[in-house]
Amino acid sequence: MSFIELVKFIYENIKRQKGRVVLTSLGVMIGSASIVLLLALVGGLQKSATAQFTNNASLTEIEVNAGFGGGFSSMGGGGGPESMGSPGGGSSSTVRTSSESEELLLTNDVMDQISALEHVVSVNANQSISGNSTLVYQKYQGRVSLTGVDVEDLSDLGLTAGEGELGLSSGTIVLGASVSENMYRPNYSGSDATLSTDLLGKQVKLEITKMSSGGRSTKTVRFRVVGVLSEAGDQSDYAAYISMTDADNIVSWVNGERVNHNTDGYSSFTVRVDDSDNVLDVADVITDMGYQTQTAQSFLENVNSLFSSLQLVFGGVGAITLLVAALGIANTMTMAIMERTKEIGLLKALGATNKNILSLFIGEAAGIGLIGGVGGCLISLALGSLLNAVGGAYLTEQATASGTTMTSSIIYMPFYLPLFALAFSTIMGSISGLFPAMKAQSLQPVIALKYE
Amino acid sequence: MTSIIRVNELRKIYDMDDNVQVTALAGVSLEIEEGSFVAAMGPSGSGKSTLMHIVGGLDRPTSGSVNVGSYDVTNLDEQQLAFFRRKMIGFIFQSFNLIATMTALENVALPLRLCGVSRDERLERAYRLLEEVGLKDRVYHKPTQLSGGQQQRIAVARALANDPPVILADEPTGNLDTTSGENIMAMLNALNEKGHTIMIVTHDPRMTKHVHRVIQMLDGYVQ
Ligand SMILES: Nc1ncnc2c1ncn2[C@@H]1O[C@H](COP(=O)(O)OP(=O)(O)O)[C@@H](O)[C@H]1O
Ligand SMILES: [Mg+2]
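So, a few notes on the structure that sits alongside this text. Since we're looking at a predicted model, the values are computed, not measured.

Basis of the calculations
- Residues numbered from 1 in each chain as written.
- Chains lettered and ligands numbered in written order.
- Predicted model: local features only at pLDDT ≥ 70, side-chain atom pairs only at ≥ 80, totals over all residues.
- Heavy atoms only, no water.
- 1 Å grid on protein atoms, 1.4 Å probe; cavity = no way out; pocket = protein on both sides within 12 Å on 5 of 7 lines; lining within 4 Å.
- Points joined across faces, edges and corners; volume = space filled by probe spheres on them.
- Helix = DSSP H or I, 4+ residues; strand = E, 2+ residues; numbered from the N terminus.
- Nonpolar A, V, L, I, M, F, W, Y, C, P; charged D, E, K, R; others polar.
- Pairing = 2+ DSSP bridges.
- Contact = heavy atoms within 4.5 Å.
- Axes fitted to C-alpha atoms, helices over the stretch in contact; angles between N-to-C directions.
- Salt bridge = Lys/Arg side-chain N within 4 Å of Asp/Glu carboxyl O.
- Buried < 20%, exposed > 50% of the residue type's maximum accessible area, 1.4 Å probe, protein only.
- Near = heavy atom within 4 Å.
- Polar contact = N/O pair within 3.5 Å; in protein donor to acceptor, adjacent residues only side chain to side chain.
- Areas by Shrake-Rupley, 256 points an atom, 1.4 Å probe, with all protein chains shown as cover.
- Sits in = over half its atoms within 2 Å of the grid points.
- Patch = residues over 30% accessible without salt bridge, like charges linked within 9 Å, V, L, I, M, F, W, Y side chains within 5 Å.
- Lys, Arg positive; Asp, Glu negative; His and termini not counted.
- Charge placed at Lys NZ, Arg CZ, Asp CG, Glu CD.

Each pocket or cavity is described by its volume, and for the largest pocket that value is around 530 Å³. What lines the largest pocket is a set of 28 residues, among which A:Lys450, B:Ser49, B:Thr50, B:His53 and B:Asp170 lie closest to the centre. Elements supplying a minimum of two residues to the lining of the largest pocket: α11 (445-450) of chain A together with β2 (21-33), α1 (48-55), β6 (89-92) and β7 (166-170) of chain B. When residues in the lining of the largest pocket are grouped by element, the largest group, 5 residues, is from α1(B). Of the residues in the lining of the largest pocket, the class split is 10 nonpolar, 12 polar and 6 charged.

Our next topic: the sheet that holds β2(B). Paired through their backbone hydrogen bonds, the strands of a sheet run either parallel or antiparallel. Residues and elements named next belong to chain B. Here we have 4 strands laid out as an open sheet, ordered β2-β1-β4-β5, and antiparallel in their pairing. Here the strands that pair on one side only, and so sit at the sheet edges, are β2 and β5 (71-72). Bridge count between strand β4 (residues 63-68) and β5: 2 bridges; the pairing is antiparallel. Its bridge partner being in β5, Val 68 is matched across the sheet by Tyr 71. Against the sheet, α1 touches β1 (3-15), β2 and β4, its axis set at about 120° to β1.

In this section: the pattern of salt bridges. Counted according to the given criterion, the structure contains 16 salt bridges over all chains. Notably, a salt bridge pairs B:Glu132 with B:Lys194, separated by 3.5 Å at the nearest N-O pair. Taken together, the positions of B:Glu132 in helix α4 (residues 119-132) and B:Lys194 in the loop between α6 (178-193) and β8 (197-201) put the pair 62 residues apart, joining distant regions of the chain. On the basis of relative accessibility, which here comes to 48%, the residue B:Glu132 falls in the partly exposed class. Its relative accessible area of 60% is what places B:Lys194 among the exposed residues. Among the ionic pairs, B:Asp204 bridges to B:Arg206, the shortest N-O distance being 3.0 Å. The class of B:Asp204 is buried, set by a relative accessible area of 17%. Salt bridges sharing partners connect three or more residues here, namely A:Glu5, A:Glu12, B:Arg113 and B:Arg122.

Not every one of the 13 residues close to ligand 1 is listed here, only the nearest: A:Lys450, B:Gly45, B:Lys48, B:Ser49 and B:Thr50. More than one chain reaches ligand 1: its neighbouring residues belong to chains A and B. In the model, an oxygen atom of ligand 1 is placed 3.2 Å from a nitrogen or oxygen of the B:Ser46 main chain. Side-chain polar atom of B:Ser49 to an oxygen atom of ligand 1: 2.7 Å apart, as the coordinates give it. Expressed as a share of its isolated accessible area of 550 Å², the protein-covered part of ligand 1 is 70%. When atom positions are compared with the pocket grids, ligand 1 is found to occupy the largest pocket. Of all the secondary structure elements, the ones that give two or more residues to the shell around ligand 1 are β2 and α1 of chain B. Residue composition of the shell around ligand 1, by class: 5 nonpolar, 6 polar and 2 charged.

A few words now on a negative patch on the surface. Residues and elements named next belong to chain A. Together, Glu 118, Asp 274, Asp 275, Asp 277, Asp 281, Asp 284 and Asp 288 make up a negatively charged patch on the protein surface. Considering the arrangement of structural elements, one finds Asp 281 in helix α6 (residues 279-288). On the basis of relative accessible area, Asp 281 is assigned to the partly exposed category, the value being 48%.

All we've got here are geometric facts, nothing functional implied.
Here you go:
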């Protein structure tokens, strides 16, 4: 029999036992669909988790924080992914944490040491400001996370301007993209309760509040908004940047004594490296010096390895489902061969070779696997797009509500995933059919013919 | 005349549980001439079917040899046996053994299909064979829609699909009424006249009038 003739014969055999084939392939369908969907789900999560690191700037950056004499991993800072890609953004760690004398501070000396390292392009200091920073414009106010930076231009930190410019000098401030839209009028509920004015070029006030033994006191500093950042989808959207000079003044007021960066250090450094390939090496050197480092790269690596293991686990769960389906196929084929023993004997009497019988029955099992695989692919494609449509809409809504434009899809299904499941189901079908088919081919024709 | 089937000292012993042995064939030697029509007769359990199965390559003997045409049947491997059956033997069974889900036409074409004959060619040949056995207006019927006699005629047509020189029929009339039985025997007669060597197994003494020679069997021996 030619291959095409064999396939046709198998197809006819499958057709004349529809009911059984449908029931058996249903198991394969569920199994392969669950593998595809689970893997696609993990893939979708991974995509949205790593999406914010696609811009190249953050991939050549290392954030360095004060160390505690080594022994900390590069992820030890505890800062989430959000705090990366923006200098000091979000994490309002104070310069002076009450710790032992062995704390390794980010002083100007350290900055020089790091600058001298191979592959390092630039090192910039960031000073985050403890205490509450409230931005005030007319009757509107909103919280910002305030950072002092020692760069002339924020683009040196990988930030990009939405409007205005990024140059900072004393008395100017650059705002994150979402700052102004988060300003509101306290105790007021009119239609203009939130700010709709563009703050670019406007005079704003920063109110810094500190708690001390003398109670609560507030300091007001005036700034002119010279630029607004473009939307980044991370914490930098809610940040405000001022010059280091202004920051020093504020910190000095908060701490009650003059800041000295030679002895007190900065809250963090943003180190730029020449190539993303060298980021982890440089970060290792800095970690060995005793400081804590965070890189988008190491975070990415951690995220990716986490998702690899997730994929393994989820894939394994799906594989177990498919394994059960494989047992179903093996069972169906065994039953079919028992039922068709006489037919097998007849085929042999009519001149079928053992190889003919073997390929017929393996082919049937593969066919059941294939049908199940096709069904599973269709189910997973349909369910996948449904989940993306429904869940994606929900996610976008959530994202909009929280002020970001991150549009994530729940399911990430590369084209090869269903194809892989299809091939896998078919191969699994043939393997399940192997033993029953071998049993069929070894039947003695005379015994098979006598079988009732 | 030359012998097409040569059986020499053929033994078939079944080992049952508890060391009990059943002797189906106790040393059978016989020759069947090319173009002859022979009937194996004898009481139930005398070894007729066993003999026929071994001659047709469906079963293997405990000892002895079988030659059919140029084939040393007892020394063929599985693959060679399959080709031997295709080429040399047409089987007809007491219980017809048609595939219920296939039409008459597909049943007759089945041996050709296993040999790799193209669809058009095999259906055309199957149609002609059904025409020959008088069933040309039943080609698309399924076996269950046909009488026993008609089903056996399909089986006869199927046995002829590869135009084998030897036709082996184990009680082909056993499940049929007298008229249908006579009908099948007449058909086998006609095939014999066209040159097929035919060996049947039968219980029915009335059938002997159709055959050239009767082989009487008893307890695994030819008498
Ligand atoms: N598979 C088998 N196992 C054990 N004994 C068998 C088997 N097949 C046939 N026999 C025995 O061999 C003898 C001959 O059987 P068989 O050739 O079918 O006789 P007949 O066709 O003449 O009625 C009988 O005694 C039968 O019980
Ligand atoms: Mg018998």
